[in-house]
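Notes for the structure review
Now for the letters of each chain:
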Number of protein chains: 2
Amino acid sequence: MPDPAATFEDVRTAADRIAPYAHRTPVATSATLRKETDADIFFKCENLQKVGAFKARGALNAVLSLSDEAADRGVVTHSSGNHGAALAYAAGIRGIPCTVVMPEDAPQVKIDAVRGYGANIELCEQFARESATALVVQQTGATMVHPFNNTDVIAGQGTAALELIEDVGPLDMIITPIGGGGLMSGTAITTRSLLPEAQIIGAEPREVDDAYRSLQTGEIQPRVEDANTVADGLLTALGELTFSTLTWANVEIVLVDEPEIIAAALFHLHRTKLLVEPSGATGLAAVRKLGDRVVGKRVGVIISGGNTDLSWLT
Amino acid sequence: MPDPAATFEDVRTAADRIAPYAHRTPVATSATLRKETDADIFFKCENLQKVGAFKARGALNAVLSLSDEAADRGVVTHSSGNHGAALAYAAGIRGIPCTVVMPEDAPQVKIDAVRGYGANIELCEQFARESATALVVQQTGATMVHPFNNTDVIAGQGTAALELIEDVGPLDMIITPIGGGGLMSGTAITTRSLLPEAQIIGAEPREVDDAYRSLQTGEIQPRVEDANTVADGLLTALGELTFSTLTWANVEIVLVDEPEIIAAALFHLHRTKLLVEPSGATGLAAVRKLGDRVVGKRVGVIISGGNTDLSWLT
């Protein structure tokens, strides 16, 4: 029997720890969607979170959990996306150094965003990010904060589901996007504790179905290379901690197709007036894919973030 | 001395009356904007309101205030925008007939939206809407619910500022878009009662500066014909009730230019992840226009709505 990466008590502790620095994000509903699905769908709006994504939760929990001595040496991670910005934000809160290793071909807008939160940027060749990160750890003694394969990060991500369940009450089903599995793992830990009977579902683009195949085969499958998905936040493969947690929690993966993801992002924009990044719209796409299985149900969906260049809009 | 159209007690009564059917919308802030403006700006997100606009508040209050006898005869209004949808929504809540008179050249998407809320649509020639509405009143005995020149509507709109002040505490300044002046009037009544010293500011596109000139000259100026503004929700001139209320409250108008409105709508989308209609983005445009006058201040801004075809985005 595999173990979860963290306990529900870890999630509760994380919730208290990050509360002063993270938003308690609102929950959105849509009467139109209720008619369409014949279900009550509750969207937890992590696109309205600090740095525009749930990643702020895990990064804050990891940074605020460090001993003073470790904190003084700073933190480092590799990320070209939301986790880099989140770690920079969290380090800024604590007033400690932060280095983010980014590929040298990362879009300038992403580099600027991370720098805007006060981090040092280390550019590296695309396949050298692990070694570049290790070099920073060696040189500075900084603590590496992995984007998802990290107990404190996972416990922090679990606070989104905690707030959602506290705010709307019992759910029959909870859905999150799945990339590296950090949000999914934290959500699973919270949900298994508070709602043992609830179905826990990961929404994954069919184009990057490695998590689906990992749970099917019982072995972590590598990330899909040269994937062509609009959900660019979900390209990552599972890690050992997240794989173990998802297996423990009996998470089911629902695969969604590219047009469905875009349709869901457009629905969010026009109907709930929320800018949702395509990765974050996979949850609604999964709700629709589930069809009859959601009828009459109360379904929580965590919108992961809202950082997007809108290239999918046209 | 002119009189306000409603009392603060009317607003409080409206708040209780509409509470079961209207969202208590969240308040958004932006650390980026705090740095830019050196002020604390609190956005009341009426784009997340039922029907996507604050108009739901006034329409609900008007419909729920009707006697049973009057309610049975239904309601009617003329509107090609959010008020039509809002009245249809409110009538649906009470289960009474609703007719919305719309110009025959109204976009099909708007006609469909109002019909989607269950209203009857009466199409009329562009300049015949008053007479077409009067005909419905004559034939059916329906109550005409004016989009803004109506005491119950104004009291209902005042509940947005009430919630904002309850949620964030005292403000030095409160800003709303100004078209016909219903939101502005309700906001002024609430604000003058709770925060007598606060500055109350209407944000108006320079292209349709009739409210500005009305308050300058002390006489209601007609709507600007052939105006070229992206803020299509603000084309209307003031009515007697709203003009009187704004004069009573000593409202100041700040004129904003078209590129400023679009820049503000883009800021909302990318930074706060909220879809805001251009009319609703005039508030942020006014904040920026005020520059030094907001430094160190606590400023409330009511985002009026989020219904837009995104044509301004490209």
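Shown above is the structure to which this text applies.
Residues numbered from 1 in each chain as written. Chains lettered and ligands numbered in written order. Predicted model: local features only at pLDDT ≥ 70, side-chain atom pairs only at ≥ 80, totals over all residues. Heavy atoms only, no water.

Re the side chain of S214(A)
Residue and element names in this part refer to chain A. With respect to the helices, strands and loops of the structure, S214 is situated in helix 10 (residues 210–217). Owing to a relative accessible area of 0%, S214 belongs among the buried residues under this scheme. Residue contacts for S214: discarding those within four places in its chain leaves E219, I220, Q221, L238 and F243. (Helix = DSSP H or I, 4+ residues; strand = E, 2+ residues; numbered from the N terminus. Buried < 20%, exposed > 50% of the residue type's maximum accessible area, 1.4 Å probe, protein only. Contact = heavy atoms within 4.5 Å.)

Examining the interface of chain A and chain B
Contacts between chain A and chain B engage 21 residues on the former and 21 residues on the latter. For the pair chain A and chain B, the two sides together bury roughly 1400 Å², of which 62% comes from carbon and sulfur. It is K273(A), L275(A) and L310(A) that lose the most area in chain A upon contact with chain B, and together they represent 36% of the buried surface on that side. Taken together, the connections running from chain A to chain B amount to zero salt bridges. Across the contact surface, chain A and chain B share six residue pairs in polar contact (both at pLDDT 80 or more). (Buried area = accessible area lost by both parts, 1.4 Å probe. Salt bridge = Lys/Arg side-chain N within 4 Å of Asp/Glu carboxyl O. Polar contact = N/O pair within 3.5 Å; in protein donor to acceptor, adjacent residues only side chain to side chain.)

Describing the relation of the copies chain A and chain B
Laying chain A over chain B is done by rotating through 180 degrees and shifting 0.0 Å along the axis; what remains is an RMSD of 0.0 Å. Look at the turn and shift together and you get a two-fold axis relating the two. By C-alpha distance to the rotation axis, the residue of chain A lying nearest is L274(A), at 2.4 Å. (Least-squares fit on C-alpha atoms with pLDDT ≥ 70 in both.)

A look at the sheet that holds strand 10 (residues 298–303) of chain B
All names here are of chain B. Pairing is mixed across the open sheet formed by six strands, whose spatial order is 1-2-10-7-8-9. Looking at which strands have only one partner, the edges of the open sheet turn out to be strand 1 (27–28) and strand 9 (252–256). With five bridges joining them, strand 8 (residues 199–205) and strand 9 adopt parallel strand pairing. The partner of I201 across the bridge, within strand 9, is E252. (Pairing = 2+ DSSP bridges.)

Considering unusual backbone geometry
All names here are of chain B. With phi around 55 degrees, V51 is a residue other than glycine that occupies positive phi space. Positionally, V51 belongs in the loop between strand 2 (40–45) and helix 3 (55–65). For V51, a relative accessible area of 11% gives the class buried.

Some points on the nonpolar core
Core analysis: the biggest nonpolar cluster contains 70 residues, and I175(A) and I175(B) have the highest contact counts within it. Contact partners of I175(A), with chain neighbours within four places excluded, come to I201(A), A203(A), G283(A), A286(A), V287(A), L290(A), V299(A), G300(A), V301(A) and I302(A). (Core = buried A, V, L, I, M, F, W, Y, C linked by side-chain atoms within 4.5 Å.)

Focus: the sheet that holds strand 5 (residues 120–124) of chain A
Residue and element names in this part refer to chain A. Taken together, the four strands give an open sheet; going across it, the order is 5-4-3-6, and neighbouring strands pair in parallel fashion. Since the sheet does not close on itself, it has two edges, and those belong to strand 5 and strand 6 (143–144), each with one partner. With five bridges joining them, strand 4 (residues 98–103) and strand 5 adopt parallel strand pairing. Residue pairing across strands places T99 opposite N120, the latter belonging to strand 5. With respect to the sheet, helix 7 (residues 129–140) is in contact with strand 3 (75–78), strand 4, strand 5 and strand 6, its orientation differing from that of strand 3 by roughly 175 degrees. (Axes fitted to C-alpha atoms, helices over the stretch in contact; angles between N-to-C directions.)

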